[in-house]
Amino acid sequence: MLKQALKKFLILEGVLAACVVEDGGTVLEKAGRVTMDLEELGQRVHQGLIASNSMAYELSRDELTMIFVELKEGTLLATSLDDDHILAIMTKNNTNIGRIRYELKKNRDTITAAL
Amino acid sequence: MINDLPKGKSIGAMQASLQWISTHTIRFIGAVVITIGDGEGFILIKKGTPEAYYFQHGSKVLRGKPAFDYFSTHDLLTFRLQKYNAEEYRKASALYNGEQGSELTPAPLDVDIPAISVKPAPESSRPPARAKPIKKTAVYPGFDPEEGNDTTSQESQKSHEFVPDVRKILESAENSLDFSDSISDVTESEEDDDAQELPEDRAELLEEAETEDRPIAPAAAPAEPQSAPEQSKDAPRDTEPFTTSPGPRTFPVEDSEVADLGWILRRNGVLAASVFSDGFSVVALGDADFEAVAAIAEDALRAAESIATAMGMGAFVQMTLQMKGKNVIIAPYRDTHICFLTSPKTHLGQIRGILQELALRNSQQGT
């Protein structure tokens, strides 16, 4: 069920992979074919989200909704699904991020329900 | 006393906040002669280190910290810059200290002064900051420049409402790479000759700056706070020698960095911006507490860089933290990193555009 929900993102142009990371950085589920080590990436995304959450709170007692990490040849989107799970999506460069965000918003409940 | 100050070489006259002055006199040696209403005062500055604060209105005189406090209460100061050579500076310093007399003690300095940082007041519906003289205000406790004068309460009210337009000041900051550009129309005609000699002045200042110690670079910075090397006894304690961060280390702040931040801040939707290095805010503009955030931003940055390594998709370009109330962007900037806040309505395309323009701007400056 969760894998199916993640696969919906792969339909979008430029999306390479999507995964759900558990608290602690373990990859719960993944979809897509990438050469990168998703386990390692999961841990780093988890760390990144913790730091970003701290920053959001420190800056304005605000709640973090999403992070984008843009690289020269790709982009990573990460967002908290709940207190214990993070959704990470890897894309190629110049991908329509707005579309991905829209799909994410649309499918968030489905993904959360499948956890 | 002010009339007895060495005349020096007039660089120009302008309006700006005390903070702005503090961040743009790193290479300046001389007096910043400040006019507030009918009163006049000065700050003696030696390469970014304020060594004396003085203000006089009629028979009332403020020195050291009280004068600093009084200047601080004004969001915008009207001043002229008088550049001194070593001899003129020595004379000015002697005049200041001599007049005080050996029996007189410096003004009491028992209150901590907040360190100077580039943090303009938040914008609101304000009147234009420039082209208007600053009204006299009586905000320093126990000192009323209006005392004895006939002023209406309406005028007094107006004076308190007079606050600077942040964007205008930042515009000045950007132009400050060359003080001659900032010389306003209020520069006296007799100073025209001096103004023409400005390029030579600036070259001289730069030359002098290069031959003397500069603030310690981040990599070599000590863990302890750096104290001003020649700070006068009358200069307020705890006042950073014109660095823009009250953190435990001092960093050299370049005019161009302030100018770049000012440029970013004028982009649509940008609320505040900071350059940070090794977890410390080097310089910040706008309404945000970057001092507290810089260390966390460094953590977020490291996480982003490790994500970049794990993904193997090229170098780190930028990181955007999207919050409900604002966006935070962290990106490489020269040898350090830049962090800026935008409104939530600013979309990723705009952010990318700002970063690309900034990179282009820096490459053009480098050539």
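Model, not experiment: these values are computed from the prediction.

**Describing the overall build of chain B**
From N to C terminus, chain B includes eleven helices and eleven strands. Sequence-distant contacts in chain B: of pairs separated by 6 or more residues, those separated by 24 or more amount to 67%.

**Quick look at the overall build of chain A**
When helices and strands are counted, chain A shows three helices and five strands. Burial statistics for chain A: of 115 residues in total, 42% are counted as buried. Within chain A, contacts between residues at least 6 apart in sequence are counted, and of these 47% link residues at least 24 apart.

**Here we look at the confidence of the model for chain B**
Residue and element names in this part refer to chain B. Counting all residues, the mean pLDDT for chain B is 66, and 56% of those residues have values of 70 or more. Predicted confidence is poor over residues 100-167, with pLDDT under 50, and the contacts of this stretch with residues over four places away or in other chains come to 112 contacts. The ipTM value of the predicted complex is 0.92, and its pTM value is 0.51.

**Digging into the sheet that holds strand 4 (residues 49-57) of chain B**
All names here are of chain B. Taken together, the six strands give an open sheet; going across it, the order is 1-6-2-3-4-5, and neighbouring strands pair in antiparallel fashion. Only two strands of the sheet have a single neighbouring strand rather than two, namely strand 1 (9-16) and strand 5 (60-63). Between one strand axis and the next, the sheet turns through 15° on average, direction left out of account. Alignment of strand 4 against strand 5, held across four bridges, turns out to be antiparallel. The residue bridging Gln56 from the neighbouring strand is Val61, located in strand 5. The sheet contacts of helix 2 (residues 64-72) involve strand 2 (29-36), strand 3 (39-46), strand 4, strand 5 and strand 6 (77-83), and relative to strand 4 the element is tilted by about 80°.

**Details of the packing of helix 1 (residues 2-10) of chain A against helix 3 (residues 97-114) of chain A**
Residue and element names in this part refer to chain A. At a minimum axis separation of 9 Å, helix 1 and helix 3 run at an interaxial angle of 175°. One element, helix 1, and the other, helix 3, form an angle in the roughly antiparallel class. Facing Leu2, Ala5, Lys8 and Phe9 of helix 1, the residues of helix 3 in contact are Ile100, Glu103, Asn107, Thr110, Ile111 and Ala114. Of the residues in the contact of helix 1 with helix 3, the class split is six nonpolar, two polar and two charged.

**Concerning the packing of helix 2 (residues 38-60) of chain A against helix 10 (residues 290-311) of chain B**
Following both chains from N to C, one finds helix 2 of chain A and helix 10 of chain B inclined at 160°, their axes separated by 8 Å at the closest point. With respect to helix 10 of chain B, the element helix 2 of chain A is oriented roughly antiparallel. Here the hand of the crossing between helix 2 of chain A and helix 10 of chain B comes out left-handed. Packed against helix 2 of chain A, whose contacting residues are Glu40(A), Leu41(A), Arg44(A), Val45(A), Gln47(A), Gly48(A), Ala51(A), Ser52(A), Ser54(A), Met55(A), Glu58(A) and Leu59(A), the element helix 10 of chain B presents Ala292(B), Val293(B), Ile296(B), Ala297(B), Asp299(B), Ala300(B), Ala303(B), Ala304(B), Ser306(B), Ile307(B), Ala310(B) and Met311(B) at the interface. Considering only residue class, the contact of helix 2 of chain A with helix 10 of chain B consists of 15 nonpolar, five polar and four charged.

**Observations concerning the sheet that holds strand 1 (residues 15-22) of chain A**
Pairing is antiparallel in the open sheet, where ten strands are placed in the order 2(A)-1(A)-5(A)-4(A)-3(A)-9(B)-10(B)-11(B)-7(B)-8(B). Single-partner strands in this sheet number two, and they are strand 2 (27-32) of chain A together with strand 8 (280-286) of chain B. Between one strand axis and the next, the sheet turns through 15° on average, direction left out of account. Pairing of strand 9 (residues 316-323) of chain B with strand 10 (residues 327-333) of chain B, which is carried by four bridges, proceeds in the antiparallel orientation. Bridging across to strand 10 of chain B, Met319(B) finds its partner in Ile330(B). Packed on one face of the sheet, helix 1 of chain A meets strand 1, strand 2 and strand 5 (85-92) of chain A and runs near 40° to strand 2 of chain A.

**Points about the interface of chain B and chain A**
Between chain B and chain A, the residue contacts involve 31 residues of the former and 32 residues of the latter. It is helix 10 of chain B that contributes the most residues to the side of chain B that touches chain A, 13 residues altogether.

**Some thoughts on unusual backbone geometry**
A positive phi is found at Asn94(A), a non-glycine position, where the angle reads about 60°. The phi angle at Asp278(B) is positive, at roughly 50°, despite the residue not being glycine. Among the structural elements, Asp278(B) can be located in the loop between strand 7 (270-277) and strand 8.

**A word on helix 1 of chain A**
Residue and element names in this part refer to chain A. Those residues of helix 1 not exposed but buried are Ala5, Leu6 and Phe9. Here the buried residues of helix 1 occupy an arc of 95° about the axis, which is enough to place them on one side. Turned more than 90 degrees away from the buried face of helix 1 sit Lys3, Gln4 and Lys7, all of them exposed.

**Quick word on the pairing of strand 2 of chain A**
Residue and element names in this part refer to chain A. As judged from the five bridges shared by strand 1 and strand 2, these two strands associate in the antiparallel manner. Pairing of Ala17 across the sheet is with Gly32, part of strand 2. Between strand 1 and strand 2, which pair antiparallel and follow one another directly, the connecting turn spans four residues, one of which, Gly24, has a positive phi of 110°.

**Description of helix 3 of chain A**
Helical geometry: 3.6 residues make up each α-helical turn, so side chains three or four residues apart lie on a common side. Residue and element names in this part refer to chain A. Relative to the 26 Å expected for 18 residues at 1.5 Å per residue, helix 3 spans 24 Å between its end C-alpha atoms, a close match to the ideal helical length. At Asn107, helix 3 shows its strongest bend, of approximately 50°. Turning to helix 3, its buried residues are Ile97, Ile100 and Ile111.

**Describing the environment of Gln56(B)**
Residue and element names in this part refer to chain B. Counting through the fold element by element, Gln56 comes out in strand 4. Classification of Gln56 by C-beta neighbours within 10 Å gives partly exposed; the count is 18. For the pair Gln56 and Ile36, spaced 20 residues apart in the sequence, the C-alpha separation amounts to 9.5 Å.

Scoring rules and cut-offs
- Residues numbered from 1 in each chain as written.
- Chains lettered and ligands numbered in written order.
- Predicted model: local features only at pLDDT ≥ 70, side-chain atom pairs only at ≥ 80, totals over all residues.
- Helix = DSSP H or I, 4+ residues; strand = E, 2+ residues; numbered from the N terminus.
- Contact = placed C-beta atoms within 7 Å.
- Buried ≥ 20, exposed ≤ 12 C-beta atoms within 10 Å, placed from the backbone.
- pLDDT = per-residue confidence, 0-100.
- Pairing = 2+ DSSP bridges.
- Axes fitted to C-alpha atoms, helices over the stretch in contact; angles between N-to-C directions.
- Parallel < 35°, antiparallel > 145°, perpendicular 65-115°, else oblique.
- Nonpolar A, V, L, I, M, F, W, Y, C, P; charged D, E, K, R; others polar.
- Left-handed = near helix turned anticlockwise from the far one by under 90°.
- Arc of directions from axis to C-beta.
- Expected span 1.5 Å × (residues − 1).
- Bend = angle between axes of the 7 residues up to and from the residue.

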